[in-house]
Amino acid sequence: MHRTMRHPKVDRIGKELIAASATALVLGILQRGASYGYAIIQEVRDLSGGELEWSEGMLYPVLHRMEDHGLIESYEERGGDTGRKRKYYRLRPDGRRALAEERRQWDVVHAALTNAWRPA
Amino acid sequence: MSDDRDDAAVAAAIRGYREELVAEADLARSDLDEIEDHLRTLTDELRTTGMPVAAAVTEAARRLGDPRDVAREHARARSPFGAKISRGRAWSAAALYAPMVVCVAIVRFTGLGFREVSPYIHLGMGSVLVVALVARLTWARPVLFGAMACQAVVACAWLVGVPDVNPLSLVWTLGTLGVVAFLLPWRRGELTGAGSSLLLQVWSFCAVSSLVLPTLAIALAVPLLVAMLAAIVAIAGQILRARWSAFASAMAAVMLTFSFVEAWSLTPFAPDMFGADLWRGLNLALLGSGAIAAAVSAVLSWRTARSNLGTFANVLR
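Given the structure is predicted, the values throughout are model-derived calculations rather than measurements. (Residues numbered from 1 in each chain as written. Chains lettered and ligands numbered in written order. Predicted model: local features only at pLDDT ≥ 70, side-chain atom pairs only at ≥ 80, totals over all residues. Heavy atoms only, no water.)

Asks: An account of the overall build of chain B is requested, with residue identities and associated values reported.
Replies: Scanning chain B from terminus to terminus reveals 13 helices and 0 strands. Taken from the N to the C terminus, the helices and strands of chain B come in the order α-α-α-α-α-α-α-α-α-α-α-α-α. Intrachain contacts of chain B at a sequence separation of at least 6 include 76% that bridge at least 24 residues. Accessible area for chain B stands at about 15,300 Å²; split by element, carbon and sulfur atoms hold 68% of it. (Helix = DSSP H or I, 4+ residues; strand = E, 2+ residues; numbered from the N terminus. Contact = heavy atoms within 4.5 Å. Areas by Shrake-Rupley, 256 points an atom, 1.4 Å probe, with all protein chains shown as cover.)

Asks: Pulling in residues and values, what's your account of the overall build of chain A?
Replies: Scanning chain A from terminus to terminus reveals 5 helices and 2 strands. Each helix and strand of chain A, ordered N terminal to C terminal, gives the series α-α-α-α-β-β-α. The burial tally for chain A puts 36% of its 120 residues in the buried class. Summarising the internal contacts of chain A: among those between residues at least 6 apart in sequence, 50% fall at separations of at least 24. Accessible surface, chain A: about 7,300 Å² in total, of which carbon and sulfur atoms supply 53%. (Buried < 20%, exposed > 50% of the residue type's maximum accessible area, 1.4 Å probe, protein only.)

Asks: Report on the interface of chain A and chain B, specifying residues and quantitative values.
Replies: Taken together, the 27 residues of chain A in the interface contact 33 residues of chain B. Our enumeration of links across chain A and chain B arrives at 10 residue pairs in polar contact (both at pLDDT 80 or more). When residues of the side of chain A that touches chain B are traced back to their parent elements, those giving at least two are helix H1 (2-5), helix H3 (37-47), helix H4 (59-68) and strand S2 (85-91) of chain A. If you tally residues by element for the side of chain A that touches chain B, the top one is H4(A), at 6 residues. Taken together, the residues that form the side of chain A that touches chain B break down as 8 nonpolar, 8 polar and 11 charged. (Polar contact = N/O pair within 3.5 Å; in protein donor to acceptor, adjacent residues only side chain to side chain. Nonpolar A, V, L, I, M, F, W, Y, C, P; charged D, E, K, R; others polar.)

Asks: Which residues make up the state of the cysteines, and what values go with them?
Replies: Residue and element names in this part refer to chain B. Summed over all chains, the structure comprises 0 disulfides over all chains. Not part of a disulfide, Cys-150 finds its nearest cysteine sulfur in Cys-206, a span of 5.2 Å. On the basis of relative accessibility, which here comes to 0%, the residue Cys-150 falls in the buried class. (Disulfide = S-S within 2.5 Å.)

Asks: Could you give me a rundown of the side chain of Arg141(B), with the residues and numbers involved?
Replies: All names here are of chain B. Topologically, Arg-141 is positioned in helix H7 (residues 140-161). Of note is the side chain of Arg-141, whose polar atom sits 2.9 Å from the backbone oxygen of Leu-183. Of note is the side chain of Arg-141, whose polar atom sits 3.2 Å from the backbone oxygen of Leu-184.

Asks: Run through the pattern of salt bridges, naming residues and quoting values.
Replies: The tally for this structure, following the rule as stated, stands at 16 salt bridges over all chains. The salt bridge involving Glu43(A) is made with Arg32(A); its shortest N-O contact spans 3.0 Å. On the criterion of sequence distance, the pair formed by Glu43(A) in helix H3 and Arg32(A) in the loop between helix H2 (15-31) and H3 is long-range, its members being 11 residues apart. Residues joined by salt bridges that share partners form a network here, namely Arg18(B), Asp33(B), Glu36(B) and Arg40(B). (Salt bridge = Lys/Arg side-chain N within 4 Å of Asp/Glu carboxyl O.)

Asks: Give a detailed account of the confidence of the model for chain B, specifying residues and quantitative values.
Replies: All names here are of chain B. Chain-level pLDDT for chain B is 83 on average; 87% of the residues reach the 70-or-more range. Per-residue pLDDT, averaged within each element of chain B, yields its smallest value for helix H10 (residues 215-219) (65) and its largest for helix H12 (residues 244-264) (92). Overall fold confidence (pTM) sits at 0.61, and the ipTM for the predicted complex is 0.81. (pLDDT = per-residue confidence, 0-100.)

Asks: Outline the pairing of S2(A), listing residues and values.
Replies: All names here are of chain A. Within S2, 5 of the 7 residues are buried, which leaves the element mostly enclosed by the surrounding structure. When strand S1 (residues 72-78) meets S2, the two strands line up antiparallel, connected through 7 bridges. Paired with Tyr-75 across the strands is Tyr-88, a residue of S2. (Pairing = 2+ DSSP bridges.)

Asks: Describe helix H8 (residues 167-183) of chain B, and please don't skip the residues or the numbers.
Replies: Since the α-helix turns once every 3.6 residues, residues separated by three or four places project in the same direction. An ideal rise of 1.5 Å per residue puts 24 Å on 17 residues; H8(B) measures up with 25 Å between its terminal C-alpha atoms. Among the residues making up H8(B), those that are buried are Thr173(B), Gly175(B), Thr176(B), Gly178(B), Val179(B), Val180(B) and Leu183(B). (Expected span 1.5 Å × (residues − 1).)

Asks: How would you sum up a nonpolar patch on the surface? Please name residues and give values.
Replies: Taken together, the side chains of Leu17(A), Trp106(A), Val109(A), Leu113(A) and Trp117(A) define a hydrophobic patch exposed on the protein surface, amounting to about 510 Å² of accessible area. With respect to the helices and strands, Leu113(A) occurs in helix H5 (residues 93-117). (Patch = residues over 30% accessible without salt bridge, like charges linked within 9 Å, V, L, I, M, F, W, Y side chains within 5 Å.)

Asks: Please give an account of the layout of surface pockets that cites residues and values.
Replies: Residue and element names in this part refer to chain B. Roughly 1,900 Å³ of internal volume is contained in the largest pocket. Surrounding the largest pocket, 43 residues form its lining, Val-104, Arg-108, His-122, Gln-151 and Trp-172 being those nearest its centre. Sorting the residues of the lining of the largest pocket by element identifies helix H5 (87-112), helix H6 (118-134), H7, H8, helix H9 (193-210) and helix H11 (221-239) as the ones contributing at least two each. Of the residues in the lining of the largest pocket, the class split is 33 nonpolar, 9 polar and 1 charged. (1 Å grid on protein atoms, 1.4 Å probe; cavity = no way out; pocket = protein on both sides within 12 Å on 5 of 7 lines; lining within 4 Å. Points joined across faces, edges and corners; volume = space filled by probe spheres on them.)

What follows is the structure, encoded as structure tokens:
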């Protein structure tokens, strides 16, 4: 069913850029408090004004890799509205350090691009 | 009544998606539950906008992504040394390898006697590998693949070098090649960087331990012994994903490079039935490939380490 429903979609932002920014975005969102996969996707969409369209199923491998790297940790809790058990993620101390480093690097990239694109 | 039908349709679609995930990769139950929760939440939200249930489920599945891609990506993220090998391939390799372990143990017990330690070590290591392979622990595949690939090279050289082929040697070689074929990473990305590093470390260990006595091993006893011990330490460290594994690999690389340079000027004493040039070539090839494998694995090991001391978390995954 799902295979036949796939249709070509033009990404607003390139896949490579989305992949490169995924860790920084997740760390930034979890810095505000624990969250779960679906809510993180929604938050990314809101933060980017709908420009960043993640392939939603690919978020979880990213979260698992970050957990494997010790940046975040997960715990299960029953969701308030549905009553279903849900896996939440929260930042670990290594994650806070990684976030600081990500911010520094993205600031460098941002500053370089701003300078490069300034009219001569 | 209509709500019940809608719920049943949602449940069936989600079950279908879940089955496609499982068909592609061996995902943990908690991972499947997490994806299912996402699918349900997204479907519920789309339905609140007035979308018909069938369209909501289809759209939710589309946004989640092709289950085959999602499953493959999950498998890669969850397996520290590479994608889990299928049950059929793992058990076939174990079924071929287990009798080989027993045969070698019998031959060694017969030749060395029950007071010697070596047959027990071989039997113990072989048994652990068989159990790990049957349980499909992810480190078992690169370890056994590295070992058997090296053995296969030696066995093939033996077949080429010895004019009168012993039928048992032929059976042994075919068995080794069979295990290699079952464990070979046919698709790109089946092994992670950590898995490739582990494979190379095992290759360098087997290359040293395959160097056939007495010529090279006596002349270069100390560096080869240090290289062998360093490779053992490197393998243990790599399974723990520890940073010190990289140092042990680097030590093995240095010792093997030194041995290779020294061995270049040596003329190994070949067995009667073996051609001298082929014998020398085999020894140099083992030393050279072992040195390169150890050097590459040192870099990979450093880059894929998870901590300085390592963790047991990956041993049973």
